[in-house]
Amino acid sequence: MKTVQDIEVFVGQHAPRWSELEALLDRAAEVSRLTPAELQDLVRLYRLACSDLNQLRGITANPDLLGRLNQLVGRGYRWVYQHRSRRWRRGWLKRFFFVDAPATARTERRSLVGAVAVTRDPEDAAALIPSAFYVEHPRDRVAQVEKGPERIDSAAKATAFGAFLYDHNIRVSLVAFTLCAATLVLGWILVFYNGVLLGAIAAQYFLDGVGTFFVAWVGPHGVLELPAILVAAAAGFRLGAAVWMPGEEGRPAAVRRAFLPCARLLGVSVFLLVLAGTIEGSFSQFSARLVSYPVKIGVAALLFLGLVGWLLVPWREGRRS
């Protein structure tokens, strides 16, 4: 049972940030636009005030104290969510691709192990690589691909293969997301294992003298597919951190705060996976008779640079401010 002294201590510790939130809401009502720093402070203080109100209801029934804080939280709620809804309605698709997704990716910012193992001892490839992907002599497989009939020679085959890839890649990404959200660790272990696997396969092709084929074969879709899985894992880690390490604001508030960044990151991941599946189901499968290696590698480089420029370079930061 809380005493009057306990309530006074609680109010004394938290009242300063209530006053700060009230001052920011007053300023927001006076000016047309808050600075980015003021916006961040207002949202942070609003969430803390929500948590304080929940705690205060558990230790007192004082109508004046609860009424004052409830009114303040109500003001914060109306400002925060009306402001967000107005922004969402105006050009939401353009905003997602050109503002929200890149900003979230920058904010929430393994092939080497497998490659080193296989380079050190090529016999390690058979142990590292699953039998479905392992070939003893990659050079023979490349000769078969380049001299045999085209694997994708119609729109129907490209569509069917692309649909299979969409399903498979999105499943892998959702598993990485779920494991990261539930454990914070296992999802990254899955991502790391896939990096080890890819590195081992790449080293095997390079050691057999057909590394250029491997880069041209994997590069166009791989530069999108692998980052997409990493982004999904990052979204899971963001949600998992809110669940397992919520901090002062409490778990419900932390999960609510993590929801929008997670949704954005998953949206980016799905978009990249669909694009990668479309490329892998058609362009990546073409032999050098249809599309030369330099062209395919050039396309991969352009896609990678475009992805980095979209998600990691803050080229719109000035306009956003």
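All values derive from a computational prediction rather than experimental measurement.

**Q** Any details on the pattern of salt bridges? Residues and values, ideally.
**A** Side-chain pairs of opposite charge can arise where the charged atoms are in close proximity. The full count for this structure, using the stated rule, is four salt bridges. Between Asp52 and Arg17 there is a salt bridge, with its nearest N and O atoms 2.7 Å apart. Note that Asp52 is positioned in helix H2 (residues 36-57) and Arg17 in helix H1 (residues 4-30), a separation of 35 residues in sequence. For Asp52, a relative accessible area of 0% corresponds to the buried category. For Glu38, the salt bridge goes to Arg27, with nearest N and O atoms at 2.7 Å. Taken together, the positions of Glu38 in helix H2 and Arg27 in helix H1 put the pair eleven residues apart, joining distant regions of the chain. Exposure remark for Arg27: the relative accessible area of 33% places this residue in the partly exposed category.

**Q** How would you sum up the nonpolar core? Please name residues and give values.
**A** Membership of the largest hydrophobic core comes to 25 residues, with the highest contact counts inside it found for Trp18, Leu21, Leu42, Leu56, Leu69 and Val73. Of all the secondary structure elements, the ones that give two or more residues to this core are H1, H2 and helix H3 (63-89). When residues in this core are grouped by element, the largest group, nine residues, is from H1. In this structure, Val73 is in contact with Tyr46, Ala49, Cys50 and Leu53, ignoring residues within four places of it in sequence. Phe177, Leu273, Leu307 and Leu311 belong to the second largest nonpolar core, which has 18 residues in total.

**Q** Please set out the packing of helix H10 (residues 211-244) against helix H12 (residues 293-311) residue by residue, giving values where relevant.
**A** At a closest axis distance of 8 Å, the pairing of H10 and H12 adopts a crossing angle of 20°. Considered as vectors, H10 and H12 are oriented roughly parallel to each other. Regarding H10 and H12, the two cross each other, and that crossing is left-handed. Listed contacts from H12 to Thr212, Phe213, Val215, Ala216, Trp217, Gly219, Pro220, Val223, Leu224 and Pro227 of H10 are Tyr293, Lys296, Ile297, Ala300, Leu303, Phe304 and Leu307.

**Q** I'd love a proper account of the environment of Phe214, names of residues and values included.
**A** Within the secondary structure layout, Phe214 lies in helix H10. Leaving out residues up to four positions away in the same chain, Phe214 has contacts with Leu198, Ile201, Ala202, Tyr205, Phe206 and Gly219.

**Q** If you had to explain a nonpolar patch on the surface to someone new, which residues and values would you point to?
**A** A contiguous nonpolar surface patch, about 260 Å² in accessible area, is contributed by Val185, Leu186 and Ile189. Relative to the elements of secondary structure, Val185 occurs in the loop between helix H8 (155-183) and helix H9 (186-207).

**Q** Describe helix H7 (residues 138-147), naming the residues involved and giving the relevant values.
**A** Buried within H7 are the following residues: Pro138, Val142, Val145 and Glu146. The arc that holds every buried residue of H7, seen down its axis, measures 90°, which confines them to one face. The exposed set on the far side of H7, more than 90 degrees from its buried face, consists of Gln144 and Lys147. Taken together, the buried residues of H7 touch H9, H10 and H12.

Definitions and cut-offs
Residues numbered from 1 in each chain as written. Predicted model: local features only at pLDDT ≥ 70, side-chain atom pairs only at ≥ 80, totals over all residues. Heavy atoms only, no water. Salt bridge = Lys/Arg side-chain N within 4 Å of Asp/Glu carboxyl O. Helix = DSSP H or I, 4+ residues; strand = E, 2+ residues; numbered from the N terminus. Buried < 20%, exposed > 50% of the residue type's maximum accessible area, 1.4 Å probe, protein only. Core = buried A, V, L, I, M, F, W, Y, C linked by side-chain atoms within 4.5 Å. Contact = heavy atoms within 4.5 Å. Axes fitted to C-alpha atoms, helices over the stretch in contact; angles between N-to-C directions. Parallel < 35°, antiparallel > 145°, perpendicular 65-115°, else oblique. Left-handed = near helix turned anticlockwise from the far one by under 90°. Patch = residues over 30% accessible without salt bridge, like charges linked within 9 Å, V, L, I, M, F, W, Y side chains within 5 Å. Areas by Shrake-Rupley, 256 points an atom, 1.4 Å probe, with all protein chains shown as cover. Arc of directions from axis to C-beta.

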